[in-house]
Amino acid sequence: MLSLSMIVRNEAERIEACLNSVKGFVDEMVLLDTGSTDNTVALAEAAGAQVERLDWPGDFAPARNAALEHVRGDWVLVLDADERLRAEAIPAIRALMAQPDVLVINLLRHELGAAMAPYSNVSRLFRRDARICWSRPYHSMIDDSVAEILQQEPHWRVANCAEPALLHDGYRPDLLNRSDKAERLRQSMEQWLEDQPGDPYACTKLGALEVSSGNHERGVNLLRQGLEQLPDGAGRTAERYELLLNLGIALAPEDAVAAEGLYRQALDLPLDVRLSLGARLNLAALLMQANQLDEAIQLTTTACQHAPEVALAWYNLGLMERRRGDLAASLRAYERSLELNPDHAESHQNFAVARLMGGDIDGARASFRAAIDTLHAQNRAEEAGALQAQVSGIVKLDGSAS
């Protein structure tokens, strides 16, 4: 028997899509509501979920632990309302659940809108065991309790589902800008660091947030401190990768050589290609800037082969192939990028340039129009005007070549 366990609060916009994605897979859906004032509860109950209630305890770990008390399944799947299960992953998940020595299944999650790290591995499917519990603030996880069980009972193992299993909307820039997620993360991590100075987990999360918020010096110092304090061991591979990636991102504008070294260290770690896409694409971009096109294209081609659903990889490949002079390969890459993300104005613009270079005037005109229209639709009117002025000297958008 498989139970869905969730904690929710004011998720009326997303709860139905989430629950619909697991229907037919889970045997029960149990939600713990922590104070919704919209119709989240009614929508969940209408979808067939059992809804329990709890006053918000102030952090996610105790709320998730309270939610576990209400499920009855042999296995537990934990989702947030901004996540959806991919039906394509269910056969692979079922096969892993059938293996008697598997205690936890890590699910590959596609972070929609997170260009720098489009995938993460999350331990969200596990056998129901009273010893498995959530810990750590904000980004709570079961990993600490699972590590203790594995030490005591080494016959168990943690398995990875190679097929992308979850779609996650939570890191889309438009949604982040409308929420207080960043501020809640900051508060949780500041408290965590105060209680446990130098903790690598808190340094990772808060350091990355500080860099993205413009507090560059403190962010870099926290990330470096996290690397210094992080103990060696296979169990900390993902954490080490995240520290190396974020420190590379922070240093790249001022010290490309140091950033390149950090990205290479990150790629040396034993991680699935999807999980190391951020370092791979960032390293390739640095190499392209240094005109080291062969290695840049090799890295990016590998990304496209192993994660063909990531539009950014195809877009970058288009830029590189055009710079190398392979116009046909560049056009194919831009086309694939736009199939995956038709709202990417830069892909339309660079596709237009490549078409123009190939002598396709009508195609270039259409792509420039698409780029300008997309910029307007995204309220980027100044950029749209600048592009239109630039293009007008090359191609008449409403007629023949000038």
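Predicted model, so just to flag it, every value in this text is computed and none were measured.

Some words on the sheet that holds strand E4 (residues 75-78)
- Ordered by their spatial adjacency, eight strands build an open sheet running E3-E2-E1-E4-E7-E6-E8-E5, and the pairing between neighbours is mixed. Of all strands in the sheet, those with a lone pairing partner are strand E3 (50-53) and strand E5 (83-85), marking the two edges. Strand-to-strand twist of the sheet, defined as the mean angle between neighbouring strand axes without regard to direction, takes the value 35°.
- Direction of pairing for E4 relative to strand E7 (residues 119-127): antiparallel, over a ladder of three bridges. Opposite Val76, over in E7, you have Phe126 as the bridge partner.

Considering the environment of His306
- Note that His306 resides in helix H13 (residues 293-306).
- With 45 residues separating them along the chain, His306 and Gly261 place their C-alpha atoms 23 Å apart.
- Residues in contact with His306, not counting those within four places in the same chain, are Val273 and Arg274.

A look at helix H9 (residues 216-229)
- With 14 residues, H9 ought to run about 20 Å at 1.5 Å a step, and its terminal C-alpha atoms sit 20 Å apart, in line with that.
- Taken residue by residue, H9 has Gly219, Val220, Leu222, Leu223, Gly226 and Leu227 as its buried positions. The buried side chains of H9 occupy one side of the element, clustering within an arc of 160° when seen end-on. Among the exposed residues of H9, those pointing more than 90 degrees away from its buried face are Glu217 and Glu228.

Here's the deal with the pairing of strand E6 (residues 102-111)
- Of all 10 residues making up E6, 10 are buried, and the element is well covered by its neighbours.
- For E6 and strand E8 (residues 157-168), the ladder comprises nine bridges, and the chain directions are parallel. When the bridges of E8 are listed, Asn106 appears paired with Asn160.
- When E6 meets E7, the two strands line up antiparallel, connected through seven bridges. Bridging across to E7, Val104 finds its partner in Phe126.

Describing the packing of aromatic side chains
- Tallying each qualifying case throughout the model produces four aromatic pairs.
- Each ring, one from Trp56 and one from Phe60, has its centre 5.1 Å from the other, and the planes form 75°; the classification is edge-to-face.
- Ring geometry for Tyr315 and Tyr334: centres 6.3 Å apart, planes at 50°, overall tilted. In this pair, Tyr315 is assigned in helix H14 (residues 311-324) and Tyr334 in helix H15 (residues 327-340), connecting sequence segments 19 residues apart.
- With a relative accessible area of 12%, Tyr315 lands in the buried category.

Re the pattern of salt bridges
- The final tally for this structure, using the stated rule, is 28 salt bridges.
- When salt bridges with common partners are traced through the structure, they connect Arg64, Asp80, Glu83, Arg109, Glu111 and Arg124 into a single cluster.

A short note on the packing of helix H16 (residues 345-357) against helix H17 (residues 361-377)
- Running from N to C, H16 and H17 cross one another at 165°; their axes reach a closest spacing of 8 Å. Considering the angle they form, H16 stands roughly antiparallel to H17. The crossing of H16 and H17 is left-handed. Where H16 abuts H17, its residues Ala345, His348, Gln349, Phe351, Ala352, Val353, Arg355 and Leu356 lie against Ile361, Gly363, Ala364, Ser367, Phe368, Ala370, Ala371, Thr374 and Leu375.
- A class-by-class count of the residues in the contact of H16 with H17 yields 11 nonpolar, five polar and one charged.

Looking at the packing of H17 against helix H18 (residues 381-392)
- H18 packs onto H17 with a crossing angle of 160° between their chain directions and a minimal axis gap of 7 Å. Taken together, the axes of H17 and H18 lie roughly antiparallel to each other. As for how H17 packs across H18, the hand of that crossing is left-handed. Where H17 approaches H18, its residues Phe368, Ala371, Ile372, Leu375 and His376 are matched on the opposing element by Ala381, Glu383, Ala384, Leu387, Gln388 and Val391.
- Residues that form the contact of H17 with H18 fall into these classes: eight nonpolar, two polar and one charged.

Things to note about the side chain of His110
- By secondary structure assignment, the location of His110 is in strand E6.
- With relative accessibility at 13%, the residue His110 sits in the buried group.
- For His110, the residues in contact, after removing those within four places along its chain, are Pro118, Tyr119, Leu166, Leu167, His168 and Glu309.

So, the nonpolar core
- Among the nonpolar cores identified, the biggest contains 47 residues, and Tyr119, Leu247 and Tyr263 are the most heavily contacted of them.
- Those elements giving two or more residues to this core turn out to be H9, helix H10 (237-251), helix H11 (256-268), helix H12 (277-289), H13, H14, H15 and H16.
- A total of eight residues in this core trace back to one element, the largest contributor, which is H12.

The rules behind these values
- Residues numbered from 1 in each chain as written.
- Predicted model: local features only at pLDDT ≥ 70, side-chain atom pairs only at ≥ 80, totals over all residues.
- Heavy atoms only, no water.
- Pairing = 2+ DSSP bridges.
- Helix = DSSP H or I, 4+ residues; strand = E, 2+ residues; numbered from the N terminus.
- Axes fitted to C-alpha atoms, helices over the stretch in contact; angles between N-to-C directions.
- Contact = heavy atoms within 4.5 Å.
- Expected span 1.5 Å × (residues − 1).
- Buried < 20%, exposed > 50% of the residue type's maximum accessible area, 1.4 Å probe, protein only.
- Arc of directions from axis to C-beta.
- Phe/Tyr/Trp six-rings, centres within 6.5 Å; stacked < 30°, edge-to-face > 60°.
- Salt bridge = Lys/Arg side-chain N within 4 Å of Asp/Glu carboxyl O.
- Parallel < 35°, antiparallel > 145°, perpendicular 65-115°, else oblique.
- Left-handed = near helix turned anticlockwise from the far one by under 90°.
- Nonpolar A, V, L, I, M, F, W, Y, C, P; charged D, E, K, R; others polar.
- Core = buried A, V, L, I, M, F, W, Y, C linked by side-chain atoms within 4.5 Å.

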